[in-house]
Amino acid sequence: ILHYTAYNTAKPDIEIPLHIAYLYDLGGKTAESAKYLSKAESMSPESPRVFFFKGLLATKANRNVEAEQYLEKAVKLKNDDQSSLFYLAVTREKLGKFEEAAGSIKKALELDPENASYLNFLGYLYAHVLTSRLNQRTAGMVHLLVALAAVAATVLAPDDLGDLRVEAGQHRVLVGDL
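Under the counting rule described, the total for this entry stands at eleven salt bridges. The partner of Lys 73 in a salt bridge is Glu 46, with the nearest N and O atoms 3.2 Å apart. Of the two residues, Lys 73 is situated in helix 5 (residues 64-77) and Glu 46 in the loop between helix 3 (30-43) and helix 4 (48-60); the sequence distance between them amounts to 27 residues. Judged by its relative accessible area of 46%, Glu 46 is partly exposed. We note a salt bridge from Glu 66 to Arg 63, for which the minimum N-O separation is 2.8 Å. Look at Glu 66 and you get partly exposed, because its relative accessible area is 27%.

Right, let's get into helix 5. In a regular helix each residue adds 1.5 Å, so 14 residues correspond to 20 Å; helix 5 covers 20 Å between its end C-alpha atoms and thus fits that length. Of all the residues in helix 5, the buried ones are Asn 64, Ala 67, Glu 68, Leu 71, Ala 74 and Val 75. The arc that holds every buried residue of helix 5, seen down its axis, measures 125°, which confines them to one face. Pointing more than 90 degrees away from the buried face of helix 5 are the exposed residues Val 65, Gln 69 and Lys 76.

Turning next to the confidence of the model for the protein. Averaged over every residue, the pLDDT of the protein is 78; the share at 70 or more is 65%. Averaged over each element, pLDDT in the protein is lowest for helix 12 (residues 171-177) (44) and highest for helix 5 (97).

As for its position among the elements, Ser 47 is in the loop between helix 3 and helix 4. We classify Ser 47 as buried; its relative accessible area is 8%.

A few words now on the packing of aromatic side chains. The tally for this structure, following the rule as stated, stands at nine aromatic pairs. When the centroid spacing of 6.4 Å and the interplanar angle of 40° are considered together, the rings of Phe 51 and Tyr 70 count as tilted. One end of the pair, Phe 51, is in helix 4; the other, Tyr 70, is in helix 5, with 19 residues separating them in the sequence. Joined through ring pairs, the aromatic side chains of Tyr 22, Phe 52, Phe 53, Phe 86, Tyr 87, Tyr 118, Phe 121 and Tyr 124 make up one cluster.

Our next topic: the packing of helix 4 against helix 5. Interhelical geometry of helix 4 versus helix 5 gives an angle of 160° and a closest axis separation of 8 Å. Considering the angle they form, helix 4 stands roughly antiparallel to helix 5. Note that helix 4 runs across helix 5; the crossing there is left-handed. On helix 5, the residues touching Pro 48, Phe 51, Phe 52, Lys 54, Gly 55, Leu 56, Ala 58 and Thr 59 of helix 4 are Asn 64, Glu 66, Ala 67, Tyr 70, Leu 71, Lys 73, Ala 74 and Leu 77.

The next subject is the environment of Ala 21. You can see Ala 21 is positioned in helix 2 (residues 15-26). Since its relative accessible area comes to 0%, Ala 21 is described here as buried. When residues no more than four places from it in sequence are discounted, the contact partners of Ala 21 are Ser 33, Tyr 36, Leu 37 and Leu 57.

The rules we used
Residues numbered from 1 in each chain as written. Predicted model: local features only at pLDDT ≥ 70, side-chain atom pairs only at ≥ 80, totals over all residues. Heavy atoms only, no water. Salt bridge = Lys/Arg side-chain N within 4 Å of Asp/Glu carboxyl O. Helix = DSSP H or I, 4+ residues; strand = E, 2+ residues; numbered from the N terminus. Buried < 20%, exposed > 50% of the residue type's maximum accessible area, 1.4 Å probe, protein only. Expected span 1.5 Å × (residues − 1). Arc of directions from axis to C-beta. pLDDT = per-residue confidence, 0-100. Phe/Tyr/Trp six-rings, centres within 6.5 Å; stacked < 30°, edge-to-face > 60°. Axes fitted to C-alpha atoms, helices over the stretch in contact; angles between N-to-C directions. Parallel < 35°, antiparallel > 145°, perpendicular 65-115°, else oblique. Left-handed = near helix turned anticlockwise from the far one by under 90°. Contact = heavy atoms within 4.5 Å.

Next comes the structure, spelled out in structure tokens:
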């Protein structure tokens, strides 16, 4: 943090107080974190990065209604920010807004169609959350399989795919996956 502070004194940059705020938050020092978030906001009040970091920290603290508002603002200011779209999807899922979560993650996938994390999260939403409402178990499997193909070493996609195959009664296919 001292290095960041010294660097920011020499060459002010909005990213420095944002990262300092994040580091303080990770260390449980929320008052210090808030101070640096305010500093970043004073440097650039309408920066999508400020709203992203506020949303990220609010999500981390399970202040999901607040997080959704910040992340929506970040996306409104910069609609191609994949990180804001992803965390907006995660936050909406936590709020039980599953269709809206799927919409946010689909927008992120439009920007990066092969992102395994995005594909995995959409597959999770379809497979575990939206299946009963939208009857999209097959779509969930497709997204999880694409996530597996994109990143073979991912842990979440195989677990989610295995759960889905068990739910669908595809035990033999599951054994073949292993």
